[in-house]
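What the coordinates show
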Amino acid sequence: MLGCMSFAQAERARLAETLLDVGPDAPTLCEGWTTRDLAEHLYNRENQPTSHLDKVGQRARNRVKNWSYEQVVAAWVAGPPKLLQPIDSLMNTAENFVHHEDVRRGDGVVRVRDFSKAVDKQLAKAAAQFGKMLLGKSPVPVILSPTTLPPITVADRRGVTVQGDNVVRVIGEPGELLLWVFGRDVVDVKLQGSPEHIAQSRGKA
């Protein structure tokens, strides 16, 4: 059945299964969040996106807190509202994958998964898009190097080419690169560059 779904849809189903398997109190890679917190975030993001802006939305957000953990997961895995369904893949390919790994690796152990070439291309594309958004202000050029795909320059304020010096290169599978771009440290990547430049690239220096 999962084979008939988009990657975003399949990952939604897999993430829901993992959430139920580990229960509501398991750790995640989202600092300070348990799986219960993450499940509520996933549901509210799609169904109450302005809940932090108005009282009506906040009441709806508070109502979700009264649901059982299983109810929250079931409501989220049912899919996004009809208005968002046409852009599900655009909106949720990275979101569902990253948060699934947040749960799978919540204990601090890297568990790399193998994907098809088609999925790897989707994840590499997401790494490129979000890399330019999240790392665009890096003072050091950052080049993502998927193991089986062309390198991706996501931060290049100085106009340095792929062959240039004084750059940060991140080498790994596309999914691992996407996780690194999102600031996750429990990943399987090889970093090339000085420790100072690596820290600067992620705004940690």
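Values in this document were obtained by computation on a predicted structure and should not be read as measured data. The residue numbering used here restarts from 1 in each chain and proceeds along that chain's sequence as written. At least 70 in pLDDT is required for a residue's local features to be given in this predicted model, at least 80 for side-chain atom pairs to be given and counted, and no such filter applies to totals for whole chains, interfaces and linings, which use all residues. Water and hydrogen atoms were dropped before computing side-chain values, which therefore reflect all heavy atoms in the structure.

**Brief notes about the nonpolar core**
Ranked by internal contacts, the top residues of the largest apolar core, which has 26 residues, are Phe97, Leu135, Val142, Leu144, Val170, Leu178 and Trp180. Only α5 (88-104), α6 (117-134), β1 (142-146), β2 (152-155), β3 (168-172) and α7 (174-181) provide two or more residues apiece to this core. Looking at which element gives the most residues to this core, the answer is α6, with six residues. With residues up to four places along the chain from it excluded, the contact list for Leu144 reads Ala127, Pro151, Ile152, Val154, Val170, Leu177, Trp180 and Val181. Among buried residues, those of type Ala, Val, Leu, Ile, Met, Phe, Trp, Tyr and Cys that are joined through side-chain atoms within 4.5 Å constitute a nonpolar core. Only protein chains enter the accessibility calculation, which uses a 1.4 Å probe; a residue is then buried when its area is under 20% of its type maximum, exposed when over 50%, and partly exposed in between. Leu19, Ala39, Leu42 and Val103 belong to the second largest nonpolar core, which has 13 residues in total. Only DSSP runs of H or I reaching four residues or more are called helices, and only runs of E reaching two or more are called strands; each is numbered from the N terminus. Working rule for contacts: check all heavy atoms of both residues, and any pair within 4.5 Å makes them a contact.

**Remarks on helix α2 (residues 35-47)**
A helix's residues, less one, multiplied by 1.5 Å, set its expected span. In a regular helix each residue adds 1.5 Å, so 13 residues correspond to 18 Å; α2 covers 18 Å between its end C-alpha atoms and thus fits that length. The complete set of buried residues in α2 reads Thr35, Arg36, Leu38, Ala39, Glu40, Leu42, Tyr43, Asn44 and Glu46.

**Points about the sheet that holds β1**
On the basis of which strands lie adjacent, the open sheet formed by four strands has the order β2-β1-β3-β4 and mixed pairing. With one partner strand each, in any of the chains shown, β2 and β4 (190-192) form the two edges of the open sheet. The sheet shows a mean angle of 20 degrees between the axes of neighbouring strands, taken without regard to direction. When DSSP finds at least two bridges between two strands, those strands are taken to pair. In terms of strand pairing, β1 meets β3 through five bridges, oriented parallel. The partner of Leu144 across the bridge, within β3, is Val170. The axes used here are C-alpha line fits, helices contributing only the stretch in contact, and every angle between their N-to-C directions lies in the interval 0 to 180 degrees. Contacts between α7 and the sheet are confined to β1, β3 and β4, with β1 contributing the most and set at about 155 degrees to the helix.

**A look at the environment of Val189**
Following the sequence through the fold, Val189 ends up in the loop between α7 and β4. Once residues within four sequence positions are removed from consideration, Val189 is found in contact with Val170, Ile171, Glu176, Leu177 and Trp180.

That is the geometry; function is a separate question.
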